[in-house]
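# Descriptive analysis of the structure
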Amino acid sequence: IGISMTAGRAATGGLLLVQSGAPTLRQCWLTGGQATDNGGAAAIEPGASLLLESCRVWSNAAMRGGALSARGAAVNLTSCVVESNSAVQAGGAVHAELGSLVTLIGATVWNNSAGVEAGGVALDSSRLAHSQSRLEANTAGLRGGGMALTGDGPSVTGIGWGDELALLWNTANNSVGIHSVAAQG
C-alpha cells in the first residue's frame, strides 16, 4: 500500500518482474521504468498474475508493453491510470500474449504510444475483459491507435453492469481505434 517504484532498468520488467504468485499493489506509483524487451514498469510471466488497484503507471518504456507486459499471465487494473508510456513495437500501455487475460475495471489508458501497433492495448492471442474503462488519445505509428488484436482468438468482452469501453481519439497512420487480424492457420 502506498508504494512508489521509480527509475528501474532491466531486460524484462523495468521496475517489477512477477514470475510466480499473485501480488496486489494498492495506491502505487510506477514510473521511469525501462526494459530492453518486455514491460517497462512490470512484466508478468507465465502462470503468474498482478493486481494493481488505484495506481498510476506513467512514463515507462520498453520494446513491447511500455507499461505492462503479460505472457501467459493475468493482469488486473482496477481504478488505475496508465499514461504516457511508450513501446518501440507494440502495446504502448499493455502488451499481452500467449493466452493472457487483461482486466480493466474503471481504468483509464491515456496518451500512450507505440512505434508499430496498439498505442493502448495489444492483444496477441489474448483476452481483454473490461468494465467502465477508457482507451483515450493513444497513438501508433502504423495501426491500431487504441488497440490491436492479433494471433489466434483474441477477444474483448464486457463484464457486468456498465461494461462500456470508451475508445476516444486514438490514432494511427493506417487505422483508427482498433486493428484486428485473424491468425493464418
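First, a word on scope: everything that follows refers to the structure included in this document. Everything numeric here is computed off the predicted structure, so don't read it as measured data. (Residues numbered from 1 in each chain as written. Predicted model: local features only at pLDDT ≥ 70, side-chain atom pairs only at ≥ 80, totals over all residues. Heavy atoms only, no water.)

## What to know about the overall build of the chain
Scanning the chain from N- to C-terminus turns up zero helices and 27 strands. The buried share of the chain, taken over its 185 residues, is 50%. Considering only intrachain contacts with a sequence separation of at least 6, the fraction spanning at least 24 residues in the chain is 85%. Carbon and sulfur atoms provide 52% of the accessible area of the chain, an area that totals close to 7,600 Å². (Helix = DSSP H or I, 4+ residues; strand = E, 2+ residues; numbered from the N terminus. Buried < 20%, exposed > 50% of the residue type's maximum accessible area, 1.4 Å probe, protein only. Contact = heavy atoms within 4.5 Å. Areas by Shrake-Rupley, 256 points an atom, 1.4 Å probe, with all protein chains shown as cover.)

## Regarding the pairing of strand β23 (residues 147-150)
Alternating residues of β23 divide into M147 and L149 and A148 and T150, and every residue in both groups is buried. By the bridge criterion, four bridges tie strand β19 (residues 121-124) to β23 in an arrangement that is parallel. Following the sheet pairing, L123 is matched in β23 by L149. (Pairing = 2+ DSSP bridges.)

## Comments concerning the sheet that holds strand β4 (residues 24-26)
Read from one edge to the other, the open sheet built from six strands follows the order β4-β8-β12-β16-β20-β24, with strand pairing classed as parallel. Of all strands in the sheet, those bounded by a partner on one side alone are β4 and β24 (155-158). If you compare each strand with its neighbour and ignore which way they point, the axes differ by 10 degrees on average. Here strand β12 (residues 74-78) runs beside strand β16 (residues 101-105); their pairing, made up of five bridges, is parallel. Paired with L77 across the strands is L104, a residue of β16. (Axes fitted to C-alpha atoms, helices over the stretch in contact; angles between N-to-C directions.)

## Looking at the state of the cysteines
On inspection of all chains with the given rule, the structure shows one disulfide. Note that C28 is cross-linked by a disulfide to C55, the S-S spacing being 2.3 Å. Disulfide C28-C55: torsion about the S-S bond near 115 degrees, hence right-handed. Placement of the pair is C28 in the loop between β4 and β5 (29-31) and C55 in the loop between β8 (49-53) and β9 (56-58), with a sequence separation of 27 residues. The pair formed by C28 and C55 is uniform in burial state, with each residue classed as buried. C80 takes part in no disulfide bond, and the closest cysteine sulfur to it belongs to C55, at a distance of 4.6 Å. (Disulfide = S-S within 2.5 Å.)

## Observations concerning the pattern of salt bridges
In the structure shown here, the tally under the stated rule is six salt bridges. A salt bridge links E97 to R71; the nearest nitrogen and oxygen atoms lie 2.9 Å apart. Of this pair, E97 sits in strand β15 (residues 94-97) while R71 sits in strand β11 (residues 68-71), placing them 26 residues apart in sequence. (Salt bridge = Lys/Arg side-chain N within 4 Å of Asp/Glu carboxyl O.)

## A few points about the environment of S125
When you line up the elements, S125 lands in the loop between β19 and β20 (127-131). Taking the C-alpha atoms as reference, S125 lies 5.5 Å from G153; in sequence the two are 28 residues apart. In contact with S125, not counting residues within four places along its chain, are L98, G99, S100, T150, G151, D152 and P154.

## Looking at the environment of T31
Here T31 shows up in strand β5. When its relative accessible area of 13% is taken as the criterion, T31 is described as buried. Remark: the alpha-carbon pair of T31 and M5, spanning 26 residues in sequence, is separated by 6.4 Å. The residues touching T31, leaving out its near neighbours within four places in the chain, are M5, T6, A7, L15, W58, S59 and N60.

## Digging into the side chain of E45
By the element assignment, E45 lies in the loop between β7 (42-44) and β8. This buried residue, E45, is left without a salt bridge; R71 holds the nearest opposite charge, at 4.3 Å. Not counting residues up to four positions away in its chain, the partners in contact with E45 are T12, L17, V18, Q19, R71, G72 and A73. (Lys, Arg positive; Asp, Glu negative; His and termini not counted.)

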